[in-house]
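Given next are the chains, with one letter for each unit.
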Amino acid sequence: MRSADVIVIGGGIHGCSTALHCRLRGLSVIVVEKDHVARHASGVNAGGVRRLNRHPAEIPLAMASAALWQRIGDLVHDDCGYRQTGQIRVAEGAPGLAAIAERRRLMEGLGYTHERWIEPDELFALVPAIARHCLGALYIADDGYADPTRTTRAFARRAAALGAEFLAPCRAGPPRRAGSVWQVPTDRGTLSGAHVVNCAGAWGGAIAAALGEPVPIEPIAPMMLVTARMAPFVGPVVGSFDRMISFKQAPNGTVVIGGGWRGRAEPDTNRAHVEFGELHRLIHTTVGLFPVMRGARITRAWAGIEGAMPDAIPVIGPSTTAPGVIHAFGFSAHGFQLGPIGGAIVADLVESGATALPIAPFAIARFAGQAWREAS
Amino acid sequence: MSGPRFRRLAETGRPPVPITVDGVPVAAMQGDTLMTAILAAYGRLRVSDFGDGPRAGFCLMGACQDCWVRLADGRRLRACTTYAEPGMAVLTGAEEGTDAR
Amino acid sequence: MRAERVVIVGAGPAGMRAALVLAGAGLRPVVLDEAPASGGQIYRRQPPGFTRGHDALYGFEAGRARALHDAFDAADGRIDHRPGTLVWNIEGRRLQVLHEGAPQTLEFDRLLLATGAMDRVIPFPGWTLPGVYTLGGAQIALKHQACAIGRRVVFFGASPLLPLVAAQYAAAGAEVAAVLDTTPMRAKLAAAPGLLTGGKTGWKGVVYLARLAARRIPYRHGITPVEVLGEESVEGFAYADARGRRHEIACDAIAFGYGLKSEWQLADLAGCGFAFDAGNHQWRVVADDAGRSTVPGVYLAGDGTRIGGADLAEIAGERAARAILADLSDIDPGDDLGQGAALAACARRIAGQAGLRRAVERAFPFPAHLARAIPDDCILCRCEAVTAGEFRAAIARLGPHDVNRAKAFSRVGMGRCQGRVCGPAAAEILAVVRGVGVEEAGRLRSQPPVKPVPIAAFADAAEGAA
């Protein structure tokens, strides 16, 4: 039976990052991936490297991850297509302005200064193509984006170069306790290890459930549109407090549009379907925000399967029922930026059972029994 | 820009449809596709988005998507399946900033 | 019989014939087609105001074209023909379309996909230059617009269209510089008996060759394309003859192709099964003996399923329509529409053409070796301007097992044509680098929209709804 210190289930960015950080600390690792690296959410997301407007619980992690993004080339030996173009989230009406005011109060109360309010003049100077009804925005100049597939593969490649073993395509069943170690049954035989890490994304809930700690995870299929090439007209990634949109122009001129619009996820068949009925509204928003987009043509659309938690923050931390198992899944469509630090946190937990970063809000125990339903 | 690409062999008595290509008046005819209208007078429809030279369409049946042209009013049209209409102002040059790889 | 919404996509010979059969049975099928008039590519009609007759446009096929056009026009009112309609997505039993530029949704109970085909090509150095077109494209310029693609044209490839389009150009008064067939003479001779005993089709080919010979137009076999001469547009064509000697021909236009490939993107989105057709060296959509796809309620006919040409497409259209009628009568037993015998007759006629189909495949074989040998500096994907060398390097570096992964790594097939043009050659390159058969390299999955859709249409629709 093959064994390693750490068996990672899932070859998304968190699984690959976990493999890399474990190897950097001398731990042996086997990653089991049912399809191929970056097949789902890690490969088809918008690639936002964003601290802007994060859930307060995620901010310390996002800050620590941003420090790793700064030296991503040293970490994974690939620049990952990382560009610090800035991220902007505009207010288009009174509700958006109110949301910004609320957000600023919250950040001030927590002592954070990384999100900056910009007046319309500065917004229009930064993004000349944006519609003039915008009333201002929150801005982080050194947020940006990266190429998600390339990044995830770079983590995998670097981890493999340092000795991590990847089994893909290879399905894993739920871990079983066998004396002092865990056994993970797979298509290619049973693996054993002292630690098992659940980085299975939308499929992570099934593993948790098999270990006796079910969570209310929902498989979702965020959709993206991409247009034919256009002359460069926008640098930063742009979102809105009033409408669901995320908008960026890639260096090659194509425009990638998302923002949380959902297609249909079929985790059992591995398929995600685009549903264009919803996308009409996204297109309406797009043209409203960027009038130049009237001349654009949609060339492709896609959806990928992701696991969303009801409180929209992930599950990160040790299992409460299965000592030695660590969860890191359910990133709810904003786990990409957290990838670099996510693996370091898991490696901390493997090594010492603790991490310096505040992960208590992500404990799986928050969903235990009736506690969650009563709180919500 | 090089000379005419398409050669009209018949049906040349149709009523004219005035359009411009890069600002120059072109005598298109009723029933001309935008592609025919342009290529009967000019050598290209557009330049590649990647700076690898001029393009003048390929399949003529709306499949290869190589012949999308840009009008001065911001519209983008597939030249092989769109009929020329009076007043269309086609721009065949590189859109600013897109011709670099 | 309860009211069933029967929708046909494509108004070429398959779709038109199917619509006529369904209309004859009292259904009122909806026929969606991108073109402004029915006819498809083969029987494409010229725009209003053009005066050439059927004989000039369709040659030997004039009688068939006229019969189909006249019947379809006479059925106006019994067929809900909606020209100017692009079907760009299928979600379950719903079609998403742009009709005259406006987005609409259409529900169906039965769907017949008769989406036709386009030329299959293999890139060669210079093929993106102005003046290089597909054989089908050259034919459309003439048929639909009364234009030649240049003043002096070289035709090459391996396709039934090769002698046909060259002869049509010569007859219309264009200068044909040469007709160059990549098929070796011995292969052509080996296929000749099957072609000539398979009905009129083979003999038509003989007539085209005779007409070219009468005009002293050179016709060469066993050539290999080398490159387009010229920097900004076509100034000549270089090829190697069967003995490997280089020749250069002055010309200002080139038309080429290697048979046809199905436009099967909608069948893919509908979830239909595919199979690799070794005879034709390409993927086809799987249909049973009656034209039923693997998806209940979705039917297939014509070149969009399996390449066979206009006559077969028309029979397949009738067959699929009768299958639809037979399946409808299953819903309402007691009203046997007597489709069994008619279906069997269609099946017999199609089976009768099988020999000819095989002979055509042998006479114009796909020269896969040309795809495998595309030089590294030649553009492979013309949408994204990715060279064959860049594609090979991405494969070598990242080791994709199928063309979809290779696309993600290289952008080959990721552009606005979705790999319609470069897909077959890309699969050959991937197969040879990996050392597997081309069917193992897979086929590029279709994604909605199957053709680019302008954002303005949706923005306007959303405003209208608000």
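What you are looking at is a predicted structure, and each value in this text was computed from that prediction instead of being measured. (Residues numbered from 1 in each chain as written. Chains lettered and ligands numbered in written order. Predicted model: local features only at pLDDT ≥ 70, side-chain atom pairs only at ≥ 80, totals over all residues.)

**With respect to the overall build of chain C**
Inference 1: Broken down by element type, chain C carries 16 helices and 24 strands.
Inference 2: Here chain C has a C-alpha radius of gyration of 22 Å; the compact-globule value for 466 residues is 23 Å, and the two agree.
Inference 3: In terms of its C-alpha atoms, chain C occupies a principal-axis envelope of roughly 70 × 55 × 40 Å.
Inference 4: When each of the 466 residues of chain C is scored for burial, the buried share is 55%. (Helix = DSSP H or I, 4+ residues; strand = E, 2+ residues; numbered from the N terminus. Rg over C-alpha atoms; globule rule 2.2 N^0.38 Å. Buried ≥ 20, exposed ≤ 12 C-beta atoms within 10 Å, placed from the backbone.)

**What to know about the interface of chain C and chain B**
Inference 1: Each partner contributes residues to the interface: chain C has 44 residues there, and chain B has 35 residues.
Inference 2: Here the side of chain C that touches chain B is built from residues that sort into 22 nonpolar, 12 polar and 10 charged.
Inference 3: Two elements, strand 1 (residues 7-8) of chain B and strand 10 (residues 147-148) of chain C, share 2 bridges in a ladder whose sense is antiparallel. Counted as the bridge partner of Arg8 of chain B is Cys147 of chain C from strand 10 of chain C. (Contact = placed C-beta atoms within 7 Å. Nonpolar A, V, L, I, M, F, W, Y, C, P; charged D, E, K, R; others polar. Pairing = 2+ DSSP bridges.)

**Here we look at the packing of helix 1 (residues 13-24) of chain A against helix 10 (residues 339-352) of chain A**
All names here are of chain A.
Inference 1: Taken N-terminus to C-terminus, the directions of helix 1 and helix 10 make an angle of 55 degrees; their axes are 7 Å apart at the nearest point. Here helix 1 is positioned oblique relative to helix 10, judged by the angle of their axes. The crossing of helix 1 and helix 10 is right-handed. Along the contact surface, helix 1 presents Ile13, His14, Ser17, Thr18, Leu20, His21 and Cys22, while helix 10 presents Gly339, Pro340, Gly342, Gly343, Ala344, Val346, Ala347 and Val350.
Inference 2: Each residue belonging to the contact of helix 1 with helix 10 can be placed in one class, and the counts come to 8 nonpolar, 7 polar and no charged. (Axes fitted to C-alpha atoms, helices over the stretch in contact; angles between N-to-C directions. Parallel < 35°, antiparallel > 145°, perpendicular 65-115°, else oblique. Left-handed = near helix turned anticlockwise from the far one by under 90°.)

**Notes on the sheet that holds strand 2 (residues 16-21) of chain B**
Residue and element names in this part refer to chain B.
Inference 1: Here we have 5 strands laid out as an open sheet, ordered 3-2-8-6-7, and mixed in their pairing. Either end of the sheet is taken by a strand with one partner, and the two such strands are strand 3 (24-29) and strand 7 (76-78). Sheet twist, expressed as the mean angle between neighbouring strand axes with direction ignored, is 40 degrees.
Inference 2: Pairing geometry for strand 2 and strand 3, over 6 bridges, is antiparallel. Bridge pairing links Pro18 to Ala27 in strand 3.

**Things to note about the sheet that holds strand 14 (residues 224-229) of chain C**
All names here are of chain C.
Inference 1: Pairing in this open sheet of 3 strands is antiparallel, and the strands run 14-15-16 from one edge to the other. Each edge of the open sheet carries a strand with a single partner, namely strand 14 and strand 16 (246-250). Going across the sheet, the axis of each strand differs from the next one's by a mean of 25 degrees, ignoring polarity.
Inference 2: Bridge analysis of strand 14 against strand 15 (residues 236-240) gives 5 bridges, and the strand direction is antiparallel. If you follow Leu229 over to strand 15, its bridge partner there is Gly236.

**What to know about the interface of chain A and chain C**
Inference 1: Between chain A and chain C, the contact holds 20 residues from the first and 18 residues from the second.
Inference 2: Listed by contribution, the elements that provide at least two residues to the side of chain A that touches chain C are helix 9 (276-289) and strand 19 (297-303) of chain A.
Inference 3: The element contributing the most residues to the side of chain A that touches chain C is helix 9 of chain A, with 7 residues.
Inference 4: Of the residues in the side of chain A that touches chain C, the class split is 10 nonpolar, 5 polar and 5 charged.

**Focus on the confidence of the model for chain B**
Inference 1: Chain-level pLDDT for chain B is 91 on average; 92% of the residues reach the 70-or-more range.
Inference 2: Contacts of residues 97-101 of chain B to residues separated by more than four positions or lying in other chains number 12 contacts, the stretch itself having pLDDT below 50. (pLDDT = per-residue confidence, 0-100.)

**Concerning helix 5 (residues 161-172) of chain C**
Residue and element names in this part refer to chain C.
Inference 1: Across its 12 residues, helix 5 extends 16 Å between first and last C-alpha, which sits within 8% of the 16 Å expected from 1.5 Å per residue.
Inference 2: Within helix 5, 10 of the 12 residues are buried, which leaves it mostly tucked inside the rest of the structure.
Inference 3: Looking only at helix 5, the buried set comprises Leu161, Leu162, Pro163, Leu164, Val165, Ala166, Ala167, Gln168, Tyr169 and Ala170.
Inference 4: Of the surrounding elements, those touching the buried residues of helix 5 are helix 4 (135-145), strand 10, strand 11 (152-157), strand 12 (175-181), helix 7 (200-214) and strand 17 (253-257).
Inference 5: Gly173 sits one or two residues past helix 5 and shows a positive phi near 100 degrees. (Expected span 1.5 Å × (residues − 1).)

**Some points on the packing of helix 4 of chain C against helix 5 of chain C**
Residue and element names in this part refer to chain C.
Inference 1: Where helix 4 contacts helix 5, the two axes come as close as 10 Å, and the packing angle between them is 30 degrees. The angle between helix 4 and helix 5 falls in the class roughly parallel. In this structure, helix 4 crosses over helix 5, and the sense of that crossing is left-handed. For the pair helix 4 and helix 5, contact is made by Leu135, Gly136, Ala138, Gln139 and Leu142 and by Leu161, Leu162, Val165, Gln168, Tyr169 and Ala172, respectively.

**A look at the nonpolar core**
Inference 1: With 191 residues, the main nonpolar core has Ile7 and Ile9 of chain A together with Ala18 of chain C as its most contacted residues.
Inference 2: With 11 residues, helix 9 (residues 310-331) of chain C is the single largest residue contributor to this core.
Inference 3: Sequence-distant contacts of Ile7 of chain A, defined by excluding residues within four places in its chain, comprise Ile30, Val32, Trp182, Val184, Leu191, Gly193 and Val196 of chain A.
Inference 4: Listed in part, the 117 residues of the second largest apolar core include Ala84 of chain B together with Ile122, Ile254 and Ala425 of chain C. (Core = buried A, V, L, I, M, F, W, Y, C linked by C-beta atoms within 7 Å.)

**Section: the confidence of the model for chain C**
Inference 1: Confidence in the prediction for chain C averages 92 pLDDT; 97% of positions are at 70 or higher.
Inference 2: Confidence estimates for the predicted assembly give a pTM of 0.91 and an ipTM of 0.95.

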